[in-house]
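# Results of the structural survey
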Amino acid sequence: MVRRRYIPLRTAQPGMILDQAIIDRAGRVLIARRTPLEDFHIDGLRKMGVGGIYIREGEEDPDQEVEKEEQSLPAALQKTYDKVKVRDPARVKISESVRKRVAQGVQYLYQDTNSADFTNASRSITDDLLKAIEDNDAVAGDIGALQVSDEYTFKHSVDVATMAMIVARKYGLNDNQVYQIGIAGLLHDIGKSKIPNEILNKAGKLTDDEFTIMKMHSTYGYHILEPKKDISQEVKLGVLQHHEKMNGKGYPMQVTGEKIHLFSRIISVADIYDALVTERPYKKPFSPRAAVEMIMSMTEELDIKVMKCFMESVILYPVGSDVMLSTGEMARVVENLSYAVLRPKVLGLQSGKVYDLANDVKCANIIIL
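Residues numbered from 1 in each chain as written. Predicted model: local features only at pLDDT ≥ 70, side-chain atom pairs only at ≥ 80, totals over all residues. Heavy atoms only, no water.

The subject of this paragraph is the overall build of the protein. Summing up its helical and strand segments, the protein has 14 helices and nine strands in all. A total of 369 residues make up the protein; the buried ones form 50% of that total. The contacts of the protein with a sequence gap of at least 6 include a subset with a gap of at least 24, amounting to 61%. For the protein, the accessible surface area stands at approximately 18100 Å², while carbon and sulfur atoms represent 52% of it. (Helix = DSSP H or I, 4+ residues; strand = E, 2+ residues; numbered from the N terminus. Buried < 20%, exposed > 50% of the residue type's maximum accessible area, 1.4 Å probe, protein only. Contact = heavy atoms within 4.5 Å. Areas by Shrake-Rupley, 256 points an atom, 1.4 Å probe, with all protein chains shown as cover.)

As structure tokens, then:
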């Protein structure tokens, strides 16, 4: 059984598991939740003036997550919280055995693109991911929670496939289309298997010539899939066009608008988001909030309806999580609103007030930091 306990920082010891994310005023995660504390973490928190932290004790039991968050509140706040909270939509969960199977499958695909079993392996992985979505009727993505592999290309492929299927369902595509876009998302970067490792894994910024080579991966991916008659043309187009932009400033063909296949328009949003929030040797990760704001600004480049469906499929602030308001007050999220992903309803932990950040004009000047 996992228990969440508040302790004064002076009693924190290396090895304790942090049960909250430490976030600065710019929304950047300084220490991720569930990080084992080390001496430098504790010293850093002390210098920040943090008086106490929440830690995790005991063995993991996912079903206790909501309960232990709620038990940490004083009685009066707990009563208000219980009254106003609205549980989040179900999020994708993948068992450890499926994670291992998916990780091995994706690695197999990238290592042997000419295998006679390539299509069956792609379908098997997509079956696993789709089942994870359907088992709990998941309608939201918890980005970064899959962690099927430490290898970026493999993890990124699984993240994009899962996210693309969720967005496709929100968009209204039928079951077969959702399944097919899962395959396209899984294979969208398969062309990178033809990119030299010194370019693919370069820690610094690519030169213009190197970037020109890197941009060939979508074309390479199409050429890998084109002779495979048991892979649909819409999957092949999804792979070929996933870097095209609505305004014609993408690649490889600079096509515009409806000339870009819908699969590509959906995969593009998922691809951009996951790339932004993932740490790479040459860049720090953006916070989920910053990544969403960047996507919201790309109205000339991305499909607006797809963008809207994506926004309705991402939970930035899970119900029960604590956030810092621009007023300086800590608050707990009590309800997410699909039309206002950046502005949920929250309960002020000092004032005991419920702030409807999306709909109450009195809260118009309050943001989550």
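Right, picking up where we left off after that structure.
Before going further, it helps to spend a moment on the pattern of salt bridges. Per the stated rule, a full pass over the model turns up eleven salt bridges. One salt bridge connects Asp43 with Arg46, and the closest N-O pair in it is separated by 2.9 Å. Taken together, the residues Asp43 and Arg46, both in helix H1 (residues 39-47) and three residues apart, mark about one turn of the helix. Residue Asp189 is joined to Lys192 by a salt bridge in which the shortest nitrogen-to-oxygen separation is 3.3 Å. On the accessibility criterion, Asp189 (2% relative accessible area) is buried. A relative accessible area of 14% places Lys192 in the buried class. A single salt-bridge network, built from bridges that share partners, covers Glu258, Arg265 and Asp303. (Salt bridge = Lys/Arg side-chain N within 4 Å of Asp/Glu carboxyl O.)

What follows concerns the packing of helix H5 (residues 118-135) against helix H7 (residues 175-187). Between H5 and H7, whose axes approach to 9 Å, the crossing angle comes to 115°. The angle between H5 and H7 places the two elements in the roughly perpendicular class. The crossing of H5 and H7 is right-handed. Mapping the contact onto sequence places Phe118, Ser122, Arg123, Ile125, Thr126, Asp127 and Leu130 in H5 and Val178, Tyr179, Gly182, Ile183, Leu186 and Leu187 in H7. (Axes fitted to C-alpha atoms, helices over the stretch in contact; angles between N-to-C directions. Parallel < 35°, antiparallel > 145°, perpendicular 65-115°, else oblique. Left-handed = near helix turned anticlockwise from the far one by under 90°.)

Bringing the pairing of strand E8 (residues 345-348) into the picture now. Of the strand pairs in this sheet, strand E7 (residues 330-335) and E8 are connected by four bridges, and their pairing is antiparallel. Bridge assignment links Glu335 to a residue of E8, and that residue is Lys345. Where E8 meets strand E9 (residues 354-356), three bridges bridge the pair, whose relative direction is antiparallel. Across the sheet, the residue bridging to Leu347 is Val354, located in E9. (Pairing = 2+ DSSP bridges.)

This part takes up the confidence of the model for the protein. Predicted confidence across the protein gives a mean pLDDT of 85, with 89% of residues reaching 70 or more. Per-residue pLDDT stays below 50 along residues 61-71; that stretch engages in 24 contacts with residues further than four places along the chain or on separate chains. Note on residues 143-150: pLDDT is under 50 here. Beyond four places in sequence and across chains, it has 23 contacts. (pLDDT = per-residue confidence, 0-100.)

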